[in-house]
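So you can see what is in the structure, the chains are spelled out below.
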Amino acid sequence: MILIPNVRLATAADASAIAQMSREFIEQGLGWSWTPARVLNAIHDRSTNVAVIHDHGAVLAFGIMQYGDEKAHLSLLSVRLAQRKRGLGALLLSWLEKCAVTAGIQRIQLEARSDNPVAIAFYRSQGYRLTGTVAGYYQGVVDAVRFEKKLMAEAGETGA
Ligand SMILES: CC(C)(COP(=O)(O)OP(=O)(O)OC[C@H]1O[C@@H](n2cnc3c(N)ncnc32)[C@H](O)[C@@H]1OP(=O)(O)O)[C@@H](O)C(=O)NCCC(=O)NCCS
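An account of the accompanying structure is given in this report.

So, how was this worked out
Residues numbered from 1 in each chain as written. Predicted model: local features only at pLDDT ≥ 70, side-chain atom pairs only at ≥ 80, totals over all residues. Heavy atoms only, no water. Helix = DSSP H or I, 4+ residues; strand = E, 2+ residues; numbered from the N terminus. Expected span 1.5 Å × (residues − 1). Contact = heavy atoms within 4.5 Å. Buried < 20%, exposed > 50% of the residue type's maximum accessible area, 1.4 Å probe, protein only. Arc of directions from axis to C-beta. Near = heavy atom within 4 Å. Polar contact = N/O pair within 3.5 Å; in protein donor to acceptor, adjacent residues only side chain to side chain. Areas by Shrake-Rupley, 256 points an atom, 1.4 Å probe, with all protein chains shown as cover. Phe/Tyr/Trp six-rings, centres within 6.5 Å; stacked < 30°, edge-to-face > 60°. Lys NZ or Arg CZ within 6 Å of the ring centre and 35° of its normal.

1. Some remarks on helix α3 (residues 88-102)
Over its 15 residues, α3 extends 21 Å from the first C-alpha to the last, a length consistent with the 21 Å expected when each residue adds 1.5 Å. Following α3 by one or two positions, G104 adopts a phi angle in the positive range, close to 80°.

2. A short note on the environment of I26
Here I26 lies in helix α1 (residues 15-26). Sequence-wise, I26 and R113 are 87 residues apart; in three dimensions their C-alpha atoms are separated by 8.6 Å. Those residues in contact with I26 that sit more than four places away from it in its chain are M21, F62, L76, L77, S78 and R113.

3. Regarding helix α2 (residues 36-44)
Buried residues of α2: V39, A42 and I43, and no others. Taken down its axis, α2 places every buried residue within 100° of arc, on the same side. Exposed residues lying more than 90 degrees from the buried face of α2 are N41 and H44. The secondary structure elements touched by the buried residues of α2 are α1, β2 (48-55) and β3 (58-67).

4. A word on the site of the ligand
Residues in close proximity to the ligand total 20 residues, the closest being L77, V79, K85, G89 and N116. Within the contact set of the ligand, an oxygen atom lies 3.5 Å away from a side-chain nitrogen or oxygen of S78. Within the backbone of R86, an N or O atom sits 3.2 Å from an oxygen atom of the ligand. Expressed as a share of its isolated accessible area of 920 Å², the protein-covered part of the ligand is 74%. Listed by contribution, the elements that provide at least two residues to the shell around the ligand are α1, β4 (71-79), α3 and α4 (117-125). Looking at the shell around the ligand element by element, the count peaks at six residues for α4.

5. With respect to the packing of aromatic side chains
To describe a pair of aromatic rings, one takes the distance between the centres and the angle between the planes. Applying the stated criterion to the full structure yields four aromatic pairs. Measuring from ring centre to ring centre gives 5.2 Å for F122 and Y123, while their planes differ by 65°; the resulting arrangement is edge-to-face. Judged by centre distance (4.9 Å) and plane angle (85°), the rings of Y137 and Y138 are edge-to-face. Look at Y138 and you get buried, because its relative accessible area is 17%. Put simply, the rings of F122, Y123, Y128 and F147 pair up and form one aromatic cluster. For R38, the ring lying beneath its charged end belongs to W34, and the centroid distance is 3.8 Å. Here R84 stacks its cationic end above the ring of F25, 4.9 Å away from the centre of that ring.

This is how it looks when you write it as C-alpha cells:
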C-alpha cells in the first residue's frame, strides 16, 4: 500500500501517542518530561503547533514547535521506527517551518542530544547550522548540540 503522508495539527486524542513516542524515541535514559498532560497543554497552547503525520488515526510522526515574535523553537520531532528514512521527518519539519515563515519569524532554534548522530545528520541535511553545545541540557545528564536556521535575511543582511 502506498501511503500519501498527510500533515495536520494534533488533537487531544493524539496526546497519549505523542507522549509515548517522546518517551520511547527521544527521552530514553531520562525521566519522562513530555507526559500526556504536557503534550495536551502544548496542543492547546496558541503559540505552539503540535503537528502529526497520521495513517487511519495512528500517529506515524510528530513535531512540536513554539513560535515567538522573531524566533521559533523546535522542541520535539520524531518518526516511528518503521517509517524512518522515507522523508516524513523532512516533510513535517518543512510544514512547521512554513508556519513560521507565514508568521514572519526569522529563525528557528533547536537542541538535539549530543549522543544522537542520526538527529544531528538529519538537522544538518535540513539546512540547520551548529551554533554550540550545552552541557547537561537534558536533565543534567545528557549534553545538547544547538542548531539554528535562518528563514529570511535580517535587515542589513544580503542573505548570502
Ligand atoms: C531524526 C528523525 C526525525 C529523522 O526522520 P526521518 O523521517 O527518518 O528522516 P528523513 O527520511 O526525512 O531524512 C531526511 C534526511 O535526513 C538525513 N538522515 C535521516 N536519517 C538518517 C540516518 N539514519 N543516518 C544519516 N542521515 C540520516 C538524511 O540526509 C536524509 O536524507 P536522504 O534520505 O536523502 O539521505 C528520525 O530518525 C527520528 O525520529 N529519530 C528519533 C527521534 C529523534 O532523534 N528526534 C530528533 C531529536 S528531537
